Amino acid sequence: MSILQAMGRRAEALGWDGYQSLMRTMSVEAASDFGASVGARLGPRLSPHKVARRNMELVFPDAGRREIDALLVAMWDNIGRLLGEFPNLHRMDLKATGDSIRLEGRDVIDELARKGDPVVFVGGHFANWEVLAAVLANAMPKCRMTYRHANNPLIDRRIVNQRAAYGVEIFAPKGEAGAKEALKALQTGHSVALMNDQKMNDGIEAPFFGLPAMTASGPARMALKYDAPMVPMSIVRRHGANFTVKVYEPLPRPQAADRTQAILEMVTGVNRFIEQRILETPAQWFWVHRRFPKDIYRKASG
């Protein structure tokens, strides 16, 4: 690494520390509101704004421009709130014992814990998904979460330590190393939780809102290999920094006898679950991700 690169990373880390410190001078609600105001101002000026618009046009082909514009405004409000809340998660009720964060499906978790068998949890990037991960980790301690490394290792270390401080002790990196760690977790009786709503180029093609979309097949393969239930999870922002975390009944076991078809059936089932959650709270999904084939976005920009 060059001296300039090292200096650049340190400068980014200092910026990260400044952002964290600023958010922590506020209450959780105030930081959430402040993040919303910043998101509203800056979001529409960023290049992902166009990606989000294109995704919305694909998912809601009958929506007019005003409807899409309103949805974009609400989306940036949610993303801004997430950024304001993240530095303050350790101050939130992540055990879901009060009203600010509610946990629906605790009976499902209790039953899974009683059986003691490993579980594959699947979810998506909704509302504040960091809250989702933390609540699940507190409700089911023998559960490992996957994550994507931050590009800057200095910031990555800070994020991992921050998550550990509010109960999420173990994170497995994505990719081959992450797959091995997840498999090892299942072998030793631990559960794993994965966000399964983003494009995975080395996954399999499965329908998503009627379009072909490369989707991670790892969760389905793990569930089949270890005969583990695949349990969907999600989160809804009720208002401000108030949430409802939901854990659902396990998805049906695949009907297909052929393993390849069984995996496709399970992946398609996960995509349908994500579709349903998007339709319920469309402003709270992470629309800025290029979920569909590349040519769809090239056509939009041409």
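The structure presented is a predicted model; accordingly, all values stated were derived computationally and were not measured.

Reading the values: the criteria
- Residues numbered from 1 in each chain as written.
- Predicted model: local features only at pLDDT ≥ 70, side-chain atom pairs only at ≥ 80, totals over all residues.
- Heavy atoms only, no water.
- Helix = DSSP H or I, 4+ residues; strand = E, 2+ residues; numbered from the N terminus.
- Rg over C-alpha atoms; globule rule 2.2 N^0.38 Å.
- Buried < 20%, exposed > 50% of the residue type's maximum accessible area, 1.4 Å probe, protein only.
- Contact = heavy atoms within 4.5 Å.
- Areas by Shrake-Rupley, 256 points an atom, 1.4 Å probe, with all protein chains shown as cover.
- Lys, Arg positive; Asp, Glu negative; His and termini not counted.
- Charge placed at Lys NZ, Arg CZ, Asp CG, Glu CD.
- Core = buried A, V, L, I, M, F, W, Y, C linked by side-chain atoms within 4.5 Å.
- Patch = residues over 30% accessible without salt bridge, like charges linked within 9 Å, V, L, I, M, F, W, Y side chains within 5 Å.
- Salt bridge = Lys/Arg side-chain N within 4 Å of Asp/Glu carboxyl O.
- Pairing = 2+ DSSP bridges.

(A) Highlighting the overall build of the protein. Assigned secondary structure in the protein consists of 11 helices and nine strands. Since a compact globule built from 302 residues should have a radius of gyration of about 19 Å, the 19 Å found for the protein is in line with a globular shape. Its C-alpha atoms give the protein principal-axis dimensions of roughly 50 × 50 × 45 Å. In the protein, which comprises 302 residues, the share counted as buried stands at 48%. Of the contacts formed within the protein by residues at least 6 apart in sequence, a portion of 75% connects residues at least 24 apart. Carbon and sulfur atoms make up 55% of the accessible area of the protein, which amounts to about 15,000 Å² in all. The averaged location of the 32 negative side-chain charges in the protein is 6 Å from the averaged location of its 41 positive side-chain charges.

(B) View of the nonpolar core. Ranked by internal contacts, the top residues of the largest apolar core, which has 81 residues, are Met75, Met92, Ile101, Val120, Phe121 and Val131. Ignoring anything within four residues of it in the chain, the contact list for valine 131 reads Leu89, Met92, Leu94, Ile101, Ile235, Phe243 and Val245.

(C) Local environment of a nonpolar patch on the surface. Together, Leu22, Phe34, Val38 and Leu42 make up a nonpolar patch on the protein surface, roughly 310 Å² of accessible area in all. For the nonpolar patch, the element with the highest residue contribution is helix H2 (residues 28-42), accounting for three residues. Positionally, leucine 42 belongs in helix H2.

(D) Representation of the pairing of strand S7 (residues 211-215) within the structure. As defined by bridge partners, strand S6 (residues 199-208) adjoins S7 across six bridges and the pair is classed as antiparallel. What sits directly across from phenylalanine 208, in S7, is leucine 211. In textbook terms, the turn of a hairpin is the stretch between consecutive antiparallel strands, and for S6 and S7 this stretch comprises two residues, one of which, phenylalanine 209, has a positive phi near 55°.

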